[in-house]
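Close look at the chain arrangement
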Amino acid sequence: MLLGPVLALAQSVPAPDASRSRELVRMVRQDCGSCHGMRLTGGLGPALTREALAEFPLDSLAAVIVHGRPGTPMPPWRAMLSEPEARWIAQRLLQGFPEETVTTP
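First, a word on what this report is: a plain description of the structure on this page.

The rules behind the values
- Residues numbered from 1 in each chain as written.
- Predicted model: local features only at pLDDT ≥ 70, side-chain atom pairs only at ≥ 80, totals over all residues.
- Heavy atoms only, no water.
- Axes fitted to C-alpha atoms, helices over the stretch in contact; angles between N-to-C directions.
- Helix = DSSP H or I, 4+ residues; strand = E, 2+ residues; numbered from the N terminus.
- Parallel < 35°, antiparallel > 145°, perpendicular 65-115°, else oblique.
- Left-handed = near helix turned anticlockwise from the far one by under 90°.
- Contact = heavy atoms within 4.5 Å.
- Expected span 1.5 Å × (residues − 1).
- Buried < 20%, exposed > 50% of the residue type's maximum accessible area, 1.4 Å probe, protein only.
- Nonpolar A, V, L, I, M, F, W, Y, C, P; charged D, E, K, R; others polar.

1. Some remarks on the packing of helix α4 (residues 58-67) against helix α5 (residues 83-95)
Helix-helix packing: each pair is described by the crossing angle between the helix axes and the interaxial distance. It is the contact of α4 with α5, at a shortest axis distance of 8 Å, that shows an interaxial angle of 125°. If you check the angle between α4 and α5, you find them oblique. Considering only the axes of α4 and α5, their crossing is right-handed. Facing α4, whose interface residues are Leu58, Asp59, Leu61, Ala62, Ile65 and Val66, α5 presents Glu83, Ala86, Arg87, Ile89, Ala90, Gln91 and Leu94.

Shown next as structure tokens:
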């Protein structure tokens, strides 16, 4: 029982600044959503919901984001993301990915 909070802290990933966080959420919702479904419930690629990813370790998900999956349509995103950003995205996916917020001028 005591390991739960310890593991949660060990996997805690520092958040990017607010502006970059919004960019990353938009990227996942738009770019990743083009294959994984706009609600991330699946499409060409598998679902990226909290339930669908529950058995995957954070590090494995982050590695797939950074390096892609050779032989599949999943591209590497390392040219657009840092490894800490990929870990942040993976952690958000495991928690249930946030909705994109739209700001009006």
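2. A few points about α5
For α5, built from 13 residues, the straight-helix expectation of 18 Å at 1.5 Å per residue is met to within 8% by its first-to-last C-alpha distance of 18 Å. Listing the buried residues of α5 in full gives Glu85, Ala86, Trp88, Ile89, Ala90, Gln91, Arg92 and Leu93. The secondary structure elements touched by the buried residues of α5 are α2 (18-36), α3 (50-53) and α4. Where α5 ends, the next residue or the one after it, Gly96, has phi of about 105°, a positive value.

3. Description of the packing of α2 against α5
Where α2 contacts α5, the two axes come as close as 11 Å, and the packing angle between them is 65°. Regarding α2 and α5, the two cross each other, and that crossing is right-handed. Facing α2, whose interface residues are Arg20, Ser21, Leu24, Val25, Met27 and Val28, α5 presents Glu85, Trp88 and Ile89. For the contact of α2 with α5, the per-class residue count stands at 6 nonpolar, 1 polar and 2 charged.

4. Section: the side chain of Ser21
Tracing the chain through its elements places Ser21 in helix α2. When its relative accessible area of 14% is taken as the criterion, Ser21 is described as buried. Excluding anything up to four places from it in sequence, Ser21 contacts Pro16 and Trp88.

Function cannot be inferred from these measures alone, as they are strictly geometric.
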